[in-house]
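Single-letter residue listing:
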Protein chains: 2
Amino acid sequence: MAAPARKKPVKRRRSPIQSRGQVTVDAIVEAAAQILAKKGPAAATTNAVAARAGVSIGTLYQYFADREALLREIGRRHVAEMQAVLAGALTGMEGLALPAAVDRLVSAIVAMHRVAPRLHQALHQSLARDHLDTIDAFEVAVEAMVASALVGRGDDLDLPHPELTATVLVRGLGGLIRTTLRREPERLDDPALALAMRAMILGTLGESRRKG
Amino acid sequence: MAAPARKKPVKRRRSPIQSRGQVTVDAIVEAAAQILAKKGPAAATTNAVAARAGVSIGTLYQYFADREALLREIGRRHVAEMQAVLAGALTGMEGLALPAAVDRLVSAIVAMHRVAPRLHQALHQSLARDHLDTIDAFEVAVEAMVASALVGRGDDLDLPHPELTATVLVRGLGGLIRTTLRREPERLDDPALALAMRAMILGTLGESRRKG
DNA sequence: GGAGAAGATGAGTCTTTGCTCAGATCCTCG
DNA sequence: CGAGGATCTGAGCAAAGACTCATCTTCTCC
């Protein structure tokens, strides 16, 4: 009623037109990702990011409306990278027998998490209730992907609830990998762990089928 | 060389001696846990906590050296509570057949996470690289517990690497539950999910054994 | 009752951080 | 070359939050 307070008086974000603008944006995102990965969310202040990127804070705010927007962009890029790695590791799986396919899947998921483990963790921490959307959407997509892959080989599997099984597998494996990454990062290279994951997947599939 | 800078000039924390002191401490911890659970780590400022607890900030700092110490205390209490719930839900499992024992384990783990889901999540977020020690120690203990339980029924199981299997199961289930809690909290009550978890555990155990 | 310890207060200090703005500098293109 | 837009600068503002301290109140116990 009183004064019509302007909510968003200016649209701050500028899309780079000249190439040097793009270079600057990349430098900022890169710097932020590095700090995030190396020192955690708390250290990733806008000033620190700008300093590391070698630009002034003013420049940073020319391209990002606020700190959140910057984090969101990092999340977007990270997810895209993971997606690419996953897709690459999963090509040409159609012809494989189940155990071989599972091996392939395990190494794909591990590889995907190895892209930028510290950053992945930092994002999961800092993206409080907001940018997790991006990551969540990706995880949902992965679950759907796995579910359809399970349905795809219907003959030898015949699961009563492929989606449910996919959900359990994807979330379980993801959690396992994230916990391991945080507590014993070096262990991700342990072949025994990969075998154990394989056993978990195959066992879960077998046991789930029997229930049909 | 120059001035011998005093590092920790005062030990600020006072242990409550009179009963009203204990009451105050409890109120503070309780208030902090509530804010943490309801609004996340960022909202849990020392001033907000003191206000909610109905005491002045000065009082808060009489009992806690700093914000970290307060968070650490909350972590300690939360872990203790989870431990109690888990222990309670696991008593008298010795005589049970494997499937029944697994059912029991599943509901115990779910119950344990249901103690204070939002707080659990907030702690996992805020306890950056510090108080996670407390939670980590607990999780390690759970892994050891499960491992020994697996060894305990050696006859019908005979796993080649009980610790590894326990690790995979505990971390996998924990991750699955945490993810579900964050994205679809209501689903934790879904019996189908419990069944799927059961299948995962039984399947993993069976498949792991076969490898021996 | 009253001395002294335990407990509580909260205004205020100090620091940090997100973010703005009034310009300076660089590029493109006619 | 030079006009005008794109880009960049960085001192500094305002807000927020952790924490202190001088002082007051309440309790214990002889």
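All values reported here derive from a predicted model rather than from experimental measurement.

1. A few points about the relation of the copies chain B and chain A
Both copies of the chain are tied together by a single rotation about an axis and a shift running along it.
In step 1: In screw terms, the move from chain B to chain A is a rotation of 180° and a rise of 0.0 Å along the axis, fitting with an RMSD of 0.1 Å. The transformation just described matches what one would write down for a two-fold rotation axis.
In step 2: In this assembly, 100% of the residues forming the interface of chain B have copies in chain A that are likewise at the interface, indicating an isologous arrangement.

2. Thoughts on the protein's contact with DNA strand C
In step 1: Surrounding DNA strand C, one finds 23 residues, the nearest of these being Thr46(A), Arg14(B), Ile17(B), Thr24(B) and Thr59(B).
In step 2: Those atoms of DNA strand C that come within 4 Å of the protein belong to sugar or phosphate at a rate of 69%.
In step 3: Backbone polar atom of Thr46(A) to a phosphate oxygen of DNA strand C: 2.8 Å apart, as the coordinates give it.
In step 4: Taking Thr59(B), its side chain carries an N or O atom lying 3.2 Å from a phosphate oxygen of DNA strand C.
In step 5: Broken down by element, the surface near DNA strand C gets its largest block of residues, five residues, from helix α3 (residues 57-63) of chain B.
In step 6: Taken together, the residues that form the surface near DNA strand C break down as seven nonpolar, 10 polar and six charged.

3. Section: the UniProt feature "domain: HTH tetR-type" (unreviewed entry) in chain A
In step 1: Those residues carrying the UniProt feature "domain: HTH tetR-type" (unreviewed entry) are residues 22-82 of chain A in this numbering.
In step 2: Within residues 22-82 of chain A, the helical portion is 80% and the strand portion 0%, while the C-alpha atoms at the span's ends are 22 Å from each other.

4. Thoughts on the interface of chain B and chain A
In step 1: Facing the 37 residues of chain B at the interface are 37 residues of chain A.
In step 2: Each partner contributes to the roughly 3300 Å² buried at the junction of chain B and chain A, and carbon and sulfur atoms together form 52% of this total.
In step 3: Linking chain B with chain A are 10 salt bridges, by the criterion used here.
In step 4: As a salt-bridge pair, Asp136(A) and Arg182(B) come within 2.9 Å of each other at their nearest N and O atoms.
In step 5: Our count for the contact surface shared by chain B and chain A stands at 10 residue pairs in polar contact (both at pLDDT 80 or more).

5. Examining empty space enclosed by the protein
In step 1: This structure, assessed with the given rule, holds four cavities of 30 Å³ or more.
In step 2: Put simply, the largest cavity is a space of about 500 Å³.
In step 3: What lines the largest cavity is a set of 19 residues, and nearest its centre among them are His124(A), Arg178(A), Arg182(A), His124(B) and Arg178(B).
In step 4: Elements represented by at least two residues in the lining of the largest cavity include exactly α6 (117-126) and α9 (162-183) of chain A together with α6 (117-126) and α9 (162-183) of chain B.

6. What about the UniProt feature "DNA-binding region" (unreviewed entry) in chain A?
In step 1: Mapped onto this numbering, the UniProt entry gives "DNA-binding region" (unreviewed entry) at residues 45-64 of chain A.
In step 2: Between the C-alpha atoms that bound residues 45-64 of chain A the distance is 13 Å, and the span itself is 75% helix and 0% strand.

7. Concerning the environment of Ser148(A)
In step 1: With respect to the secondary-structure elements, Ser148(A) resides in helix α7 (residues 132-152).
In step 2: A C-alpha to C-alpha distance of 8.0 Å links Ser148(A) and Glu163(A), two positions 15 residues apart in sequence.

8. A look at unusual backbone geometry
Residues and elements named next belong to chain A.
In step 1: The phi torsion at Asp-158 lies on the positive side, around 55°, for a residue other than glycine.
In step 2: Inspection of the secondary structure puts Asp-158 in the loop between α8 (154-157) and α9.
In step 3: Overall, Asp-158 belongs to the exposed group, its relative accessible area being 55%.

9. Describing the protein's contact with DNA strand D
In step 1: If you check the shell around DNA strand D, you find 23 residues, and the closest are Arg14(A), Gln18(A), Thr24(A), Thr59(A) and Gln62(A).
In step 2: Backbone sugar and phosphate groups make up 66% of those atoms of DNA strand D lying within 4 Å of the protein.
In step 3: Within the backbone of Ser56(A), a nitrogen or oxygen atom sits 2.9 Å from a phosphate oxygen of DNA strand D.
In step 4: When contributions to the surface near DNA strand D are tallied by element, the ones reaching two or more residues are α1 (19-39) and α3 (57-63) of chain A together with α2 (46-53) and α3 of chain B.
In step 5: Per-element accounting of the surface near DNA strand D gives the leading share, five residues, to α3(A).

10. A short note on the nonpolar core
In step 1: The biggest cluster of nonpolar side chains holds 124 residues, and the ones touching the most others in it are Phe64(A), Leu70(A), Ile74(A), Phe64(B), Leu70(B) and Ile74(B).
In step 2: Discounting residues that sit within four places of it in the chain, Leu70(B) has contacts with Ile28(B), Val29(B), Ala32(B), Val49(B), Leu60(B) and Phe64(B).

11. Brief notes about the confidence of the model for chain A
All names here are of chain A.
In step 1: Mean pLDDT over chain A stands at 87; residues scoring 70 or higher make up 90%.
In step 2: Across chain A, helix α2 (residues 46-53) holds the top mean pLDDT of 98, while α8 sits lowest at 72.
In step 3: When the criterion is pLDDT under 50, residues 1-11 qualifies, and its contacts beyond four places in sequence or with other chains add up to zero contacts.

12. So, α1(A)
Residues and elements named next belong to chain A.
In step 1: Under the 1.5 Å per step criterion, the end-to-end length of α1 is 30 Å for 21 residues, consistent within 8% with the ideal 30 Å.
In step 2: For α1, the complete set of buried residues consists of Gly-21, Thr-24, Val-25, Ile-28, Val-29, Ala-31, Ala-32, Ala-33, Ile-35 and Leu-36.
In step 3: Contacts made by the buried residues of α1 are with α2, α3, α4 (67-90) and α6.
In step 4: A positive phi of about 90° marks Gly-40, the residue just after α1.

Cut-offs used in this document
- Residues numbered from 1 in each chain as written.
- Chains lettered and ligands numbered in written order.
- Predicted model: local features only at pLDDT ≥ 70, side-chain atom pairs only at ≥ 80, totals over all residues.
- Heavy atoms only, no water.
- Least-squares fit on C-alpha atoms with pLDDT ≥ 70 in both.
- Contact = heavy atoms within 4.5 Å.
- Near = heavy atom within 4 Å.
- Polar contact = N/O pair within 3.5 Å; in protein donor to acceptor, adjacent residues only side chain to side chain.
- Helix = DSSP H or I, 4+ residues; strand = E, 2+ residues; numbered from the N terminus.
- Nonpolar A, V, L, I, M, F, W, Y, C, P; charged D, E, K, R; others polar.
- UniProt positions renumbered as here; feature names shortened; annotations may be inferred.
- Buried area = accessible area lost by both parts, 1.4 Å probe.
- Salt bridge = Lys/Arg side-chain N within 4 Å of Asp/Glu carboxyl O.
- 1 Å grid on protein atoms, 1.4 Å probe; cavity = no way out; pocket = protein on both sides within 12 Å on 5 of 7 lines; lining within 4 Å.
- Points joined across faces, edges and corners; volume = space filled by probe spheres on them.
- Buried < 20%, exposed > 50% of the residue type's maximum accessible area, 1.4 Å probe, protein only.
- Core = buried A, V, L, I, M, F, W, Y, C linked by side-chain atoms within 4.5 Å.
- pLDDT = per-residue confidence, 0-100.
- Expected span 1.5 Å × (residues − 1).

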